[in-house]
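Given next are the chains, with one letter for each unit.
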Amino acid sequence: MPRSPSRTALAAAAVAAAGLVLASGCGADDDQAAAATPQPSGTSSTTPKGGGAVDVVLRDGAGAEVGTVTLTPADGSVQVEGRFHGLPAGAYHGFHIHQKPVCDPKAPDGPFSTAGPHFNPTNAHHGEHAGDLPPLLVDSDGTAEITSQTDRFTLGDLQEGGVALIVHAQPDNFAHIPDRYRSTDAPAPGPDEKSNATGDAGDRIACGVLEKA
Ligand SMILES: [Cu+2]
């Protein structure tokens, strides 16, 4: 896939812009305990590519394909390249790796709540989760492209137990809540427990399972 420098720059801008977004308290809880609902059959979405890379297909709550993310090992890092379509137009959307390889759009706790919280093996706060990826910036036609690279995990780390890639309905604030803000749910100024877990990115609108291909 050709890499577009302008899109790469946008991805970096997205990170900066997302830091300005305040906690909104919107949408379903990202940190809800996920029910142990079995993954519906036929939803395996990981396919191998050459060079140890994998493609992961993401689908929305209605089962429509909305994008493919390619993860490629690269010099101790993993390159994450995504192409999406059919997403809500003209906005930023939180984009994360979640802990469980289960994408159930009809889960009782909300679509794709079965994927559990963010992939976070070091038990860090949001923004420092290994599974925190730069947000998607969706164009006016509902398409988005993103290219990023991280050394917070290896592809093997993700495939060991399997994970899920999730696109959210709202922007991600990366728990960047300055101390001049205070939530009624927090004992002190700054991010509350929910922001520290979720980035207040809201409902889960697309999901794809990454597992051993
Ligand atoms: Cu998420």
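Treat the numbers as computed from the prediction; the structure is a model and nothing was measured. (Residues numbered from 1 in each chain as written. Predicted model: local features only at pLDDT ≥ 70, side-chain atom pairs only at ≥ 80, totals over all residues. Heavy atoms only, no water.)

A. Quick look at the overall build of the chain. The number of helices and strands found in the chain is 3 helices and 10 strands. Secondary structure elements in the chain, listed N-terminal to C-terminal, are α-β-β-β-β-β-β-β-β-α-β-α-β. Of all 213 residues assigned to the chain, the portion counted as buried reaches 46%. In the chain, the proportion of contacts linking residues at least 24 apart, taken out of those at least 6 apart, comes to 71%. (Helix = DSSP H or I, 4+ residues; strand = E, 2+ residues; numbered from the N terminus. Buried < 20%, exposed > 50% of the residue type's maximum accessible area, 1.4 Å probe, protein only. Contact = heavy atoms within 4.5 Å.)

B. Region of the structure containing the state of the cysteines. What the rule picks out here adds up to 1 disulfide. Cys103 shares a disulfide with Cys207; S-S distance 2.0 Å. Between Cys103 and Cys207 the disulfide shows an S-S torsion of about -70°. By sign, it is left-handed. With Cys103 in the loop between strand S6 (95-98) and strand S7 (136-137) and Cys207 in strand S10 (residues 204-210), this pair connects stretches of sequence that are 104 residues apart. Taking relative accessible area as the criterion, Cys103 reaches 8% and is therefore assigned buried. (Disulfide = S-S within 2.5 Å.)

C. Fine view of the environment of Ser148. Assignment of secondary structure puts Ser148 in strand S8 (residues 144-150). Among the residues examined, Ser148 registers a relative accessible area of 13% and is labelled buried. Considering only alpha carbons, one finds Ser148 and Gln79, 69 residues apart in sequence, at a separation of 5.9 Å. Sequence-distant contacts of Ser148, defined by excluding residues within four places in its chain, comprise Val78, Gln79, Val80 and Pro134.

D. Representation of the pattern of salt bridges within the structure. Following the criterion strictly, the structure yields 1 salt bridge and no others. One salt bridge connects Asp55 with Lys49, and the closest N-O pair in it is separated by 3.9 Å. What makes Lys49 partly exposed here is its relative accessible area of 41%. (Salt bridge = Lys/Arg side-chain N within 4 Å of Asp/Glu carboxyl O.)

E. Structural context of the coordination of the copper ion. With distances of 2.0 Å, the protein atoms coordinating the copper ion are His96 (ND1), His98 (NE2) and His168 (NE2). Going along the chain, you hit the donors of the copper ion in the pattern H-x1-H-x69-H. This pair shows no difference in class: His96 is buried, exactly as His98 is. (Donors = N, O, S within 2.8 Å, 3.2 Å for Na, K, Ca; no water.)

F. Region of interest: the nonpolar core. Ranked by size, the top nonpolar core spans 27 residues in total, and within it Leu58, Val69, Leu71, Phe84, Phe95, Ile97 and Leu158 carry the most contacts. Elements with a minimum of two residues in this core: strand S2 (54-60), strand S3 (65-74), strand S4 (77-84), S6, S8, helix H2 (155-161), strand S9 (163-168) and S10. Not counting residues within four places of it along the chain, the set of residues in contact with Leu158 comprises Leu71, Ile97, Phe119, Phe153, Val163 and Leu210. Ranked by size, the runner-up nonpolar core spans 7 residues in total, among them Cys103, Phe112, Ile166 and Val209. (Core = buried A, V, L, I, M, F, W, Y, C linked by side-chain atoms within 4.5 Å.)

G. Structural view of unusual backbone geometry. In the Ramachandran plot, Ala175 falls in the positive-phi region, its phi being about 60° despite a non-glycine side chain. Among the secondary structure elements, Ala175 is positioned in the loop between S9 and helix H3 (193-198). Of note in the backbone geometry, Asp200 takes a positive phi value of approximately 55° without being a glycine. Turning to its location among the elements, Asp200 is positioned in the loop between H3 and S10. Given the relative accessible area of 5%, Asp200 is considered buried.

H. Quick look at the packing of aromatic side chains. Across all of its chains, the model carries 2 aromatic pairs by this definition. With 5.8 Å between their ring centres and 85° between their planes, Phe84 and Phe95 make a pair best called edge-to-face. Of this pair, Phe84 sits in strand S4 while Phe95 is found in strand S6, placing the two residues 11 residues apart along the sequence. On the basis of relative accessibility, which here comes to 3%, the residue Phe84 falls in the buried class. (Phe/Tyr/Trp six-rings, centres within 6.5 Å; stacked < 30°, edge-to-face > 60°.)

I. A look at the confidence of the model for the chain. In the predicted model, the chain carries a mean pLDDT of 85, and 79% of its residues have values of at least 70. For residues 1-42, every residue scores under 50 in pLDDT, and the model assigns this stretch 80 contacts once sequence neighbours within four places are set aside. (pLDDT = per-residue confidence, 0-100.)

J. Looking closely at the pairing of S6. Of the two faces of S6, both are covered, the one formed by Phe95 and Ile97 as well as the one formed by His96 and His98. As judged from the 4 bridges shared by S6 and S9, these two strands associate in the antiparallel manner. When the sheet's bridge partners are listed, His98 is paired in S9 with Ala164. (Pairing = 2+ DSSP bridges.)

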